[in-house]
Amino acid sequence: GAGVSQTPSNKVTEKGKYVELRCDPISGHTALYWYRQSLGQGPEFLIYFQGTGAADDSGLPNDRFFAVRPEGSVSTLKIQRTERGDSAVYLCASSPTPGSSYNEQFFGPGTRLTVL
Amino acid sequence: ILNVEQSPQSLHVQEGDSTNFTCSFPSSNFYALHWYRWETAKSPEALFVMTLNGDEKKKGRISATLNTKEGYSYLYIKGSQPEDSATYLCAPYTDKLIFGTGTRLQVFP
């Protein structure tokens, strides 16, 4: 079966530009998570969706970052006025059971964002 | 903020060697401990979800233990193979997964 997919796999942009990163979760998974992995760090939580709504967006670093999941499946992470410090691998994960500590999360391969 | 530490940062072993690494975290305020394996150019993949003090999980040559009272988990790999080369991440779950920085393992033939 299809796993979590993310597009694009690589994105190079210039400082100040707007970017959108897309995540297609496993069909039927209600929970969706975004993480960011900067060089030398572990993945860092950004936002969690339960269905269409953002249940926890406490990890978004500032108001340049925004994410949507309008139909409860595909999600888009949007970054405005990109900065060099936004360069990282952005990971998406989905899970069949929302907010459960016991269920594994299924990760996509990530989008590597480079801001020049 | 939960501080999750993993050691060593990196490890190089010969094929056939057994190895282990550590994940340590504050002993209170979490519900489960997840281990993930992340091979280069692939997606992170769940290895274990551990929930109870004294919990022990095993999958083939890989096993893990959890001590919730003292706040640590060990991951063991018996008879390492080149295909075990990956970064191994641990993540306590509070109301979200909090990842450590990982242990990068390289197994040489």
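Here, the structure is the one placed above.
Residues numbered from 1 in each chain as written. Chains lettered and ligands numbered in written order. Predicted model: local features only at pLDDT ≥ 70, side-chain atom pairs only at ≥ 80, totals over all residues. Heavy atoms only, no water.

## Details of the interface of chain B and chain A
At the interface, 19 residues of chain B touch 20 residues of chain A. Between chain B and chain A we count 1 salt bridge in total. Taking the shortest distance from any N to any O, the salt bridge between K96 of chain B and D56 of chain A comes out at 3.2 Å. Between chain B and chain A we count 4 residue pairs in polar contact (both at pLDDT 80 or more) in total. With 4 residues, strand β4 (residues 32-38) of chain B is the largest single contributor of residues to the side of chain B that touches chain A. (Contact = heavy atoms within 4.5 Å. Salt bridge = Lys/Arg side-chain N within 4 Å of Asp/Glu carboxyl O. Polar contact = N/O pair within 3.5 Å; in protein donor to acceptor, adjacent residues only side chain to side chain. Helix = DSSP H or I, 4+ residues; strand = E, 2+ residues; numbered from the N terminus.)

## Some remarks on the sheet that holds strand β1 (residues 5-7) of chain B
Neighbouring strands of a sheet are bound in pairs by backbone hydrogen bonds; such pairs are parallel or else antiparallel. All names here are of chain B. Spatially, the 5 strands line up as an open sheet ordered β1-β3-β8-β7-β6, and their pairing is antiparallel. The open sheet is flanked by β1 and β6 (56-59), the only strands paired with a single partner. In this sheet, adjacent strand axes meet at a mean angle of 15 degrees when their direction is disregarded. Bridge count for strand β3 (residues 19-24) against strand β8 (residues 72-77) is 6 bridges, and the pairing is antiparallel. Pairing of C23 across the sheet is with S73, part of β8. (Pairing = 2+ DSSP bridges. Axes fitted to C-alpha atoms, helices over the stretch in contact; angles between N-to-C directions.)

## A closer look at the sheet that holds strand β9 (residues 86-93) of chain B
Residue and element names in this part refer to chain B. Pairing within the open sheet is mixed, and its 5 strands lie in the order β2-β10-β9-β4-β5. What marks the edges here is a single partner per strand, and that holds for β2 (10-14) and β5 (45-50). Adjacent strand axes in the sheet meet at a mean angle of 20 degrees when their direction is disregarded. Alignment of β4 against β5, held across 5 bridges, turns out to be antiparallel. Within β5, the residue paired with L33 across the bridge is M50.

## Remarks on the nonpolar core
Counting residues in hydrophobic clusters, the biggest one holds 24 residues, and the most contacted among them are L33, W35, F48, L75, Y88 and L105 of chain B. Every element with two or more residues in this core is listed here: β2, β3, β4, β5, β7 (62-67), β8, β9 and β10 (103-108) of chain B. Formed by 20 residues, the second largest nonpolar core is a distinct cluster that contains F49, A67, L77 and I79 of chain A. (Core = buried A, V, L, I, M, F, W, Y, C linked by side-chain atoms within 4.5 Å. Buried < 20%, exposed > 50% of the residue type's maximum accessible area, 1.4 Å probe, protein only.)

## Some points on the environment of S43 of chain B
Among the secondary structure elements, S43 of chain B is positioned in the loop between β4 and β5. With residues near it in sequence (within four places) discarded, S43 of chain B still touches F107, G108 and P109 of chain A together with R37 and W38 of chain B. Within the local environment of S43 of chain B, its side chain forms a polar contact with the backbone oxygen of F107 of chain A, the two atoms lying 3.4 Å apart.

## Some remarks on the state of the cysteines
Taken as a whole and assessed by the stated rule, the structure comprises 2 disulfides over all chains. The partner cysteine of C23 of chain A in its disulfide is C92 of chain A, sulfur to sulfur 1.8 Å. Residues C23 of chain A and C92 of chain A share a disulfide whose torsion about the S-S bond is about -65 degrees; that sign makes it left-handed. Pair noted here: C23 of chain A is in strand β3 (residues 19-24) and C92 of chain A is in strand β9 (residues 88-95), with a separation of 69 residues, a long-range link. The buried category is assigned to C92 of chain A, whose relative accessible area is 0%. Sulfur-sulfur distance for the disulfide between C23 of chain B and C90 of chain B comes to 2.0 Å. Torsion about the S-S bond of the C23 of chain B and C90 of chain B cystine: about 75 degrees, corresponding to right-handed handedness. Taken together, the positions of C23 of chain B in strand β3 and C90 of chain B in strand β9 put the pair 67 residues apart, joining distant regions of the chain. By relative accessible area, C23 of chain B is classed as buried at 0%. (Disulfide = S-S within 2.5 Å.)

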